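What follows is the residue order along each chain.
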Amino acid sequence: MPTSAPKAGARVDTGPGLVYNTFRTSVPHPLNGGMREASGGGEPKGVHVMCAHIRIIAILLLVAPGLTPATVKADTIHVPRDYPTIQAGIDAAQDGDTVLVADGVYTGSGNKNLDFAGKAITVRSANGSLRCFIDCEDSGRGFHFHNGETSASVVDGITIANGYMITHRGGGGVLCYYSSPTITNCTIMGNRAQGTGAWGGGVYCEGGNPTITNCTIAGNTAPCGGGVACWDGSPTITHCAIVLNAASDGFGGGIYCHYSSPAITQSTIAGNTAQGTDVASGGGVSGNHSDLTLTTCTITGNTAHGDHAYGGGIHLDDSNNPTITNCTITWNTAYGNYVYGGGACCVNSNPTATNCTITCNRAQGYGAWGGGVYCEESSPTISNCTIAGNTADGDHSYGGGVCVDHSDPAITNSILWDDTPDEVYFYPDSPVIAYCDVQGGWSGTGNIDADPRFADPDNGDYHFLPCSPCIDAGDNDAVPEGITSDLDGSPRFVDDPHMADTGNGDPPIVDMGAYEFQADCPGDLDADRDVDHADLGILLGTWYTSDEGDLDCDGDTDHADLGILLAHWGEGCP
Ligand SMILES: [Ca+2]
Ligand SMILES: [Ca+2]
Ligand SMILES: [Ca+2]
Ligand SMILES: [Ca+2]
């Protein structure tokens, strides 16, 4: 093996059967404002033909007299049985073939910097990613897609670990350059991208739309996008865990996207860190000029830390139309000197957030604005969100729930409760807030100031107990088009016959907050979906003394409520 990288354009013989081909292009890079180096080279390309005769024999059999081959059967090429390395298997494969990789730890030349060369093939482990491990040994990356691969180029069930790329375009584990492969059931962990313009410690996508499903992307690092970065591309990320990644220049600990529109669905983005000296943004997700879509994701325990820190969970900058639906944004932290948005921060952006809980996030610093949400020069549309238990903490801290700075948000059907030091802070103009439950009160149509009766907020359960004043109190017209279910996936429009319809629209009236009260478990006072001794204990313990045992929502606990409970005694709920 050579001890130094080959020169640009060089063709370097490295020994029997191995040839390096290199090329370079230059592309403008938004971080350094100039040109950066790109290399598609350096990868060994194994030249193996020893099994060609097997393929020829197979074809001859198929076309032999008496046989009528409707289609040529796809081959399965076994590594290492048929070919000693994964690359050799790929080189021998044709479109439609599968390279089946046996259990083992794969290292060294031919087992990293793997190049599909545009083939529509599948590289799959025999027994899943826990048993099939590419160890890049801190030199090179796992896969490099750069020949216009489509979703028919598939990596399935492989662990890609300990990749390390320096100075080249990023992608410590996987680089997709104007390619759109499918990466599924993979574990991409402990990879690093380093150097100016090196993005995506785990995966970097530039100019393509890869599909990433059922993957764990963990413990990767890069200057930007510790787990995943995309630029001018729109990857689809589904059922993934993007955890414990770090961005060392402070942009997007979990995911960083730039001029991209990724669709991230049913994924967990947790425990990631964006750490910058001056600026840190998006501990979990950072989007710049990006209309990302986050749907049914949990964004939790992420951190942005810098002198100026923006968005512990999510940061959106110059992004016109991001969509955040059915997401749980909780326990994220932004801290530093000047801090903007513990849960989410939007600057010159207009996201639509629906059916989200934004809870227990924290902005902490000398000046901390927006424990839950901070928006600046932005017009977010926030509807049916539960914003609770967030904290802005510091000498000059404002907007425990929401901080509105030269912005024009529309906040409807939402709950702002138990945030510290306050629910809403604005400068200079008051936001439009309607059909919301705001602790301390807020002027606006349909707003209330009443205990929302969360089931168990101390343990993160923001469903309603019976007779919550938020039930049937929202504005049907404020629910974005196409929203028919709540954060649980349960119906969004449900009537509770015990609650007056105090909201707006034709019944059933939408509730405030992220969860719709389903009214399908009468008698259940503790929201654990049954009617048993615990519920009876609550009712009898508050008999004529408070409304905690109220089931018919008339403000007391009496025989009528006991009657409802006993009528459903012993029932489980759907
Ligand atoms: Ca309702
Ligand atoms: Ca009702
Ligand atoms: Ca119960
Ligand atoms: Ca009652």
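Up top is the structure these notes are about.
First, a word on scope: everything that follows refers to the structure included in this document.

The rules behind the values
- Residues numbered from 1 in each chain as written.
- Chains lettered and ligands numbered in written order.
- Predicted model: local features only at pLDDT ≥ 70, side-chain atom pairs only at ≥ 80, totals over all residues.
- Heavy atoms only, no water.
- Core = buried A, V, L, I, M, F, W, Y, C linked by side-chain atoms within 4.5 Å.
- Buried < 20%, exposed > 50% of the residue type's maximum accessible area, 1.4 Å probe, protein only.
- Helix = DSSP H or I, 4+ residues; strand = E, 2+ residues; numbered from the N terminus.
- Contact = heavy atoms within 4.5 Å.
- Salt bridge = Lys/Arg side-chain N within 4 Å of Asp/Glu carboxyl O.
- Disulfide = S-S within 2.5 Å.

1. Let's talk about the nonpolar core
Then comes step 1: By size, the foremost hydrophobic cluster in this structure holds 70 residues, and its most contacted members are I86, V123, F143, V174, L294 and I324.
Then comes step 2: Looking at which element gives the most residues to this core, the answer is helix 2 (residues 86–92), with four residues.
Then comes step 3: Contacts of I324, omitting those with residues within four sequence positions, involve L294, I314, L316, I329, T352, A353, T354 and C356.
Then comes step 4: Counting 17 residues, the second-largest nonpolar core is a separate cluster that includes W417, Y462, L487 and A514.

2. Description of the pattern of salt bridges
Then comes step 1: Applying the stated criterion across every chain yields a total of eight salt bridges.
Then comes step 2: For R492, the salt bridge goes to E516, with nearest N and O atoms at 3.0 Å. Of the two residues, R492 sits in the loop between strand 56 (461–464) and helix 3 (533–541) while E516 sits in the loop between strand 56 and helix 3, which places them 24 residues apart along the sequence.
Then comes step 3: Of the residues examined, R492 reaches a relative accessible area of 0% and is grouped as buried.

3. Quick look at unusual backbone geometry
Then comes step 1: Residue P80 follows V79 across a cis peptide bond; omega there is 5 degrees.
Then comes step 2: Look at the link from P507 to P508: it is a cis peptide, with omega at 0 degrees.
Then comes step 3: Note that P508 resides in the loop between strand 56 and helix 3.
Then comes step 4: The phi angle at N384 is positive, at roughly 50 degrees, despite the residue not being glycine.
Then comes step 5: Summarising the element assignment, N384 is placed in the loop between strand 45 (381–383) and strand 46 (386–388).
Then comes step 6: One non-glycine residue, C467, lies in the positive phi region at around 65 degrees.
Then comes step 7: In this structure, C467 sits in the loop between strand 56 and helix 3.
Then comes step 8: Its relative accessible area of 9% is what places C467 among the buried residues.

4. Digging into the state of the cysteines
Should the sulfur atoms of two cysteines be covalently bonded, the bond is a disulfide.
Then comes step 1: Evaluation of the coordinates by the stated rule reveals two disulfides.
Then comes step 2: Across a sulfur-sulfur distance of 2.2 Å, C467 and C553 are joined as a disulfide pair. Disulfide C467-C553: the torsion about the S-S bond is -90 degrees, which places it as left-handed. Of the two residues, C467 sits in the loop between strand 56 and helix 3 while C553 sits in the loop between helix 3 and helix 4 (559–567), which places them 86 residues apart along the sequence.
Then comes step 3: Of all cysteine sulfurs in the structure, the one in C375 sits closest to C403, which takes part in no disulfide; the separation is 7.6 Å.
Then comes step 4: The buried category is assigned to C403, whose relative accessible area is 2%.

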